[in-house]
Amino acid sequence: MNGLRTELGVLAGEQYRNGGVDPAVQLMLSSSPDSYLTQASVQGQVATSQTELLKRLQGEHRRLDQDRAEAAASRAQLEVTDTALAAEKKGIQGKLAQAQALLNKLSAADRAKVNAQEAAARASPAGGRREPAPAYQGPVTGRPAEALKFAYAQLGKPYVWGATGPSGFDCSGLTGAAWKAAGVSLPRVSQAQWNAGRRIARADLQPGDLVYFYSDLHHVGIYIGDGRMIHEPRTGKNVEILPIDSMDGPVMGGTRH
């Protein structure tokens, strides 16, 4: 744009220097009419070039305005995502602190018992091998069925903070991956997923809907029907099926995609 402005300034100065007198008067005063007519032709070319430069300059203005608007929108979305990630991380750190505080109150014998129970839950009864995850066989069809089919296939995979698969997930990583398998791209974190779909009241939940918990929406699962969901709980746990009323926080609602 600066280059275009410079060219435009040169042309404008040339036009001003040669075009300040009425053309008819210039012709009468000219000692060489042929020479003047040649100059007049050049001035006409200058005016045409000036018009073209103005159009190019306007086009560059519009393009830069569009780039600014797109950059501002991208920055705003990044700020929303950063805020949501910080809130989710804070919520999880708070729960981890609570869990650690409870563990610290346990005796060594009780702690060993808890560890043994969790180890047994992660392994099948036969030689420590994990049992195959049950396949989805519900009546739902279309994209919700694809999302549920994916979610069922992840049962037993461990919680990994910030992970989106395939070997581990966090809560929103699981729901995002499930719907990605159904051809729907969702935002990364639970708060942003809440804003991406059509809001559904708890009473209207259907299989495939996402269901959210806690006032800050820092936990999300995928509803499978009969008051149950598949979700990725927390560090040290695995993807599981759980009644939505068994969570220690309120159901805030759901979204449909």
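### Comments concerning the environment of Ala84
In this fold, Ala84 is placed in helix α3 (residues 33–105). In this view, Ala84 contacts Val189 and Gln191; residues no more than four positions away in its chain are not counted.

### Looking at the pairing of strand β2 (residues 210–213)
Of the two faces of β2, the one holding Leu210 and Tyr212 and the one holding Val211 and Phe213 are both buried throughout. When β2 meets strand β3 (residues 219–225), the two strands line up antiparallel, connected through 4 bridges. In the strand pairing of β3, Val211 is matched with Gly221. Joining the antiparallel neighbours β2 and β3 is a turn of 5 residues, in which Tyr214 adopts a positive phi near 75°. Here 4 bridges tie β2 to strand β6 (residues 251–256), and the two strands are oriented antiparallel to one another. Paired with Leu210 across the strands is Thr255, a residue of β6.

### Looking at the pairing of β6
Of the strand pairs in this sheet, strand β1 (residues 198–200) and β6 are connected by 3 bridges, and their pairing is antiparallel. Across the sheet, Arg198 pairs through a bridge with Arg256, a residue of β6.

### Digging into the side chain of Thr175
Within the secondary structure, Thr175 sits in helix α6 (residues 171–181). Take Thr175: its relative accessible area is 1%, and that puts it in the buried class. A distance of 2.9 Å separates the side chain of Thr175 from the side chain of Gln193, its partner in a polar contact. Sequence-distant contacts of Thr175, defined by excluding residues within four places in its chain, comprise Leu186, Gln193, Leu210, Val220, Gly221 and Ile222.

### Focus on the packing of aromatic side chains
Following the criterion strictly, the structure yields 2 aromatic pairs and no others. Taken together, a centroid distance of 6.4 Å and an interplanar angle of 85° make the contact between Phe150 and Phe169 edge-to-face. Taken together, the residues Phe150 in helix α5 (residues 142–153) and Phe169 in the loop between α5 and α6 connect sequence positions 19 residues apart. Under the relative-accessibility criterion, Phe150 is labelled partly exposed at 23%. With a centroid separation of 5.1 Å and an interplanar angle of 80°, the aromatic rings of Trp194 and Tyr212 are classed as edge-to-face. Taken as a pair, Trp194 in helix α7 (residues 190–194) and Tyr212 in strand β2 lie far apart in primary sequence, 18 residues in all. Looking at Trp194, the relative accessible area reads 13%, which means it is buried.

### Some details on the nonpolar core
Among the nonpolar cores identified, the biggest contains 23 residues, and Ala147, Trp179, Leu210, Tyr212, Ile222, Ile230 and Val239 are the most heavily contacted of them. Of all the secondary structure elements, the ones that give two or more residues to this core are α5, α6, β2 and β3. Per element, the largest residue contribution to this core is 5 residues, and it comes from α6. Once residues lying within four places of it in the same chain are set aside, the contact partners of Leu210 are Thr175, Trp179, Leu186, Gln193, Leu205, Val220, Gly221, Ile222, Gly253, Gly254, Thr255 and His257. Phe213, Tyr223, Met229 and Ile244 belong to the second-largest nonpolar core, a separate cluster that totals 11 residues.

### Some details on the sheet that holds β1
Strands sit in the order β1-β6-β2-β3-β4-β5 across an open sheet of 6 strands; the sheet is antiparallel. Two strands lie at the open edges of the sheet, namely β1 and β5 (240–243), each paired on one side alone. Taken pair by pair, the neighbouring strands of this sheet meet at an average axis angle of 40°, ignoring direction. Lying on the sheet, α5 is in contact with β3, β4 (228–231) and β5; it crosses β3 at an angle near 110°.

### Remarks on α5
Taking 1.5 Å per residue, 12 residues should reach 16 Å; α5 reaches 17 Å between its end C-alpha atoms and fits that length. Among the residues of α5, Ala145, Ala147, Leu148, Ala151 and Tyr152 are the ones counted as buried. What you see down the axis of α5 is that its buried residues fit within an arc of 160°, all on one side. Contacts made by the buried residues of α5 are with α6, β3, β4 and β5.

### Regarding unusual backbone geometry
Of note, the bond from Gly165 into Pro166 is cis; its omega dihedral lies within 30 degrees of zero at 0°. Looking at where Pro166 falls in the secondary structure, it is placed in the loop between α5 and α6. One non-glycine residue, Leu217, lies in the positive phi region at around 60°. Mapping Leu217 onto the fold places it in the loop between β2 and β3.

Conventions adopted
Counting of residues starts from 1 at the beginning of each chain's written sequence and follows it residue by residue. Per-residue local features are limited, in this predicted model, to residues with pLDDT of at least 70; the limit for side-chain atom pairs, both in listing and counting, is 80 or more; totals at the level of whole chains, interfaces and linings are taken over all residues. Just so you know, side-chain values use all the structure's heavy atoms and leave hydrogens and water out. Helix and strand definitions follow DSSP, with helices as H or I runs of at least four residues and strands as E runs of at least two, each counted in order from the N terminus. Should any heavy atoms of two residues lie within 4.5 Å, those residues are considered in contact. Accessibility here uses a 1.4 Å probe with only protein chains present; expressed as a share of the type maximum, an area under 20% marks a residue as buried, one over 50% as exposed, and anything in between as partly exposed. Think of it this way: DSSP has to see at least two bridges between two strands before they count as a pair. Whenever two N or O atoms come within 3.5 Å, that pair is a polar contact, provided that in protein one can donate a hydrogen and the other can accept it, and provided that, for residues adjacent in sequence, both atoms are side-chain atoms. Any Phe, Tyr or Trp ring, taking Trp's six-membered ring, that has another such ring centre within 6.5 Å forms a pair; planes under 30 degrees apart are called stacked, those over 60 apart edge-to-face, and the others tilted. By convention a nonpolar core is built from buried Ala, Val, Leu, Ile, Met, Phe, Trp, Tyr and Cys residues, the set being connected through side-chain atoms within 4.5 Å. Throughout, an axis means a line fitted to C-alpha atoms (over the contacting stretch in the case of helices), and angles, computed between N-to-C directions, take values from 0 to 180 degrees. In this scheme, a helix's expected span is set at 1.5 Å multiplied by one less than its residue total. Taken from the helix axis, the directions to the C-beta atoms give the arc we talk about.

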